[in-house]
Amino acid sequence: MEERDFLRLPVWYPVLSNYTFLTSFVKLHPEGIAALAAGDAEPKKGTAGREVIAALREPMAAIPGNCFVCVDSCAPTDTERFYHKRGAVYSPESAWRYLASSAKVRNAARNGEVAYICLKPFRRMNQTREFRLFILDGELVGMSQYHLIRHFRRLEGVKQQYWERALAFFQELRWLLPLSTLVMDIYFTGDGRILVIDLNEWGGRTDPLLFMKWQRDWKQEPGIRLMPPPTHLSGEVSVSF
């Protein structure tokens, strides 16, 4: 196994299970992976897709309420269901349909990056508490607000506190990470914990968010970055058409 395989949820979960959401895993048969890659969202009786749906039934029944489903290396965040319901699913049929309708998931299956369907209890998370950590050469060098939808005024008052808590959190689990350079998405819970949401590669397809670009001196100004407040114009403004 290569070091970068650690970024796949079924690999890092046993190592970081104390620092993340409870997760169950359903191993996919090669035919099930092929059905996912083909986007067979409404599989007929006797097909590989229907067999996966049957395999999902028992572990989903053990999760109270709705579930959040993903695969090893990505979540179906590019779907209409994620946009409207943040990914909540209530049945094995809807879970499979949701995954098969995602271009991200289909591409991952085609590229050999899928071996499991991962199931978590659905949790409606507060968007002001989600952040992305940037870890370079074994050091936490940056932290960005994850949802760049607007400026959250309440974050300004806890900005330094969040950065210090993230530093302490990283120091606690750093010895568990086989990679010295990676990106980690985290969530500050209401009861004072920090949980890992996901791990991603440094650079490549990963969004640097408020750090804007990967080609920079990351160790020059370590710290947290938030969306700035809206700019107010003052004085006489002339507009012509």
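Our subject is the structure that appears above.
This text gives an overview of the structure that appears in the document. Here the structure is a predicted model, which is why all the values come from computation and not from measurement.

Details of the sheet that holds strand β7 (residues 182-188)
Spatially, β8-β7-β5-β6-β9 is the arrangement adopted by the 5 strands of the open sheet, whose pairing is mixed. Each edge of the sheet is formed by a strand with only one pairing partner; in this case those strands are β8 (194-200) and β9 (223-225). Along the sheet, successive strands turn relative to each other by an average axial angle of 25°, direction set aside. Note: strand β6 (residues 139-145) against β9, 3 bridges, orientation parallel. Each bridged residue has a counterpart across the sheet, and for G142 the counterpart in β9 is G223. Its contacts with the sheet put helix α7 (residues 153-173) on β5 (130-136), β6, β7, β8 and β9, and the angle it makes with β6 is roughly 140°.

Topic: the pattern of salt bridges
Following the criterion strictly, the structure yields 7 salt bridges and no others. With its nearest N and O atoms 3.5 Å apart, the salt bridge here joins D137 to K219. In this pair, D137 sits in the loop between β5 and β6 while K219 sits in the loop between β8 and β9, placing the two residues 82 residues apart along the sequence. For E201, the salt bridge goes to R205, with nearest N and O atoms at 3.8 Å. Within this structure, D137, E139 and K219 form a network of salt bridges that share partners.

Quick word on the pairing of strand β2 (residues 67-71)
Burial of β2 is extensive: 5 of the 5 residues sit out of reach of the surface. Neither face of β2 is open: one carries C67, V69 and V71, the other F68 and C70, and all of them are buried. Note that β2 and strand β3 (residues 88-89) share 2 bridges and pair antiparallel. If you follow C67 over to β3, its bridge partner there is V89. The pairing of β2 with strand β4 (residues 116-121) spans 5 bridges and is antiparallel. Counted as the bridge partner of C70 is C118 from β4.

Looking at the environment of Y19
Summarising the element assignment, Y19 is placed in the loop between α1 (9-16) and β1 (24-27). Taking the C-alpha atoms as reference points, Y19 and L173, 154 residues apart in sequence, are found 8.6 Å from one another. Here Y19 is in contact with F169, E172, L173, L176, I194, L195 and V196, once residues within four sequence places are set aside. Side chain to side chain, Y19 and E172 meet in a polar contact 3.1 Å long.

Topic: the side chain of N200
Looking at where N200 falls in the secondary structure, it is placed in strand β8. Side chain to side chain, N200 and D185 meet in a polar contact 3.3 Å long. Beyond its immediate chain neighbours, meaning those up to four positions away, N200 contacts L7, R132, L182, V183, D185 and T206.

Describing the packing of aromatic side chains
One pass over the full model with this rule turns up 15 aromatic pairs. Both rings, one in Y19 and one in F169, keep their centres 5.8 Å apart while their planes meet at 75°; by these two values the pair is edge-to-face. One end of the pair, Y19, is in the loop between α1 and β1; the other, F169, is in helix α7, with 150 residues separating them in the sequence. A relative accessible area of 16% places Y19 in the buried class. Members of the aromatic cluster, joined through ring pairs, are F134, W202, F211, W214 and W218.

Focus: the sheet that holds β2
Across the sheet, 4 strands lie side by side as β1-β4-β2-β3; this open sheet has antiparallel pairing. Sheet topology places β1 and β3 at the edges, where each strand pairs with a single neighbour.

Comments concerning the packing of helix α2 (residues 30-38) against helix α3 (residues 48-61)
At their nearest, the axes of α2 and α3 sit 8 Å apart, and the two run at 110° to each other. Judged by the angle between their axes, α2 and α3 are roughly perpendicular. Along its contact with α2, which presents E31, G32 and A35, the element α3 presents A48, G49 and V52. Partitioning the contact of α2 with α3 into residue classes produces 3 nonpolar, 2 polar and 1 charged.

Criteria and thresholds
- Residues numbered from 1 in each chain as written.
- Predicted model: local features only at pLDDT ≥ 70, side-chain atom pairs only at ≥ 80, totals over all residues.
- Heavy atoms only, no water.
- Pairing = 2+ DSSP bridges.
- Helix = DSSP H or I, 4+ residues; strand = E, 2+ residues; numbered from the N terminus.
- Axes fitted to C-alpha atoms, helices over the stretch in contact; angles between N-to-C directions.
- Contact = heavy atoms within 4.5 Å.
- Salt bridge = Lys/Arg side-chain N within 4 Å of Asp/Glu carboxyl O.
- Buried < 20%, exposed > 50% of the residue type's maximum accessible area, 1.4 Å probe, protein only.
- Polar contact = N/O pair within 3.5 Å; in protein donor to acceptor, adjacent residues only side chain to side chain.
- Phe/Tyr/Trp six-rings, centres within 6.5 Å; stacked < 30°, edge-to-face > 60°.
- Parallel < 35°, antiparallel > 145°, perpendicular 65-115°, else oblique.
- Nonpolar A, V, L, I, M, F, W, Y, C, P; charged D, E, K, R; others polar.

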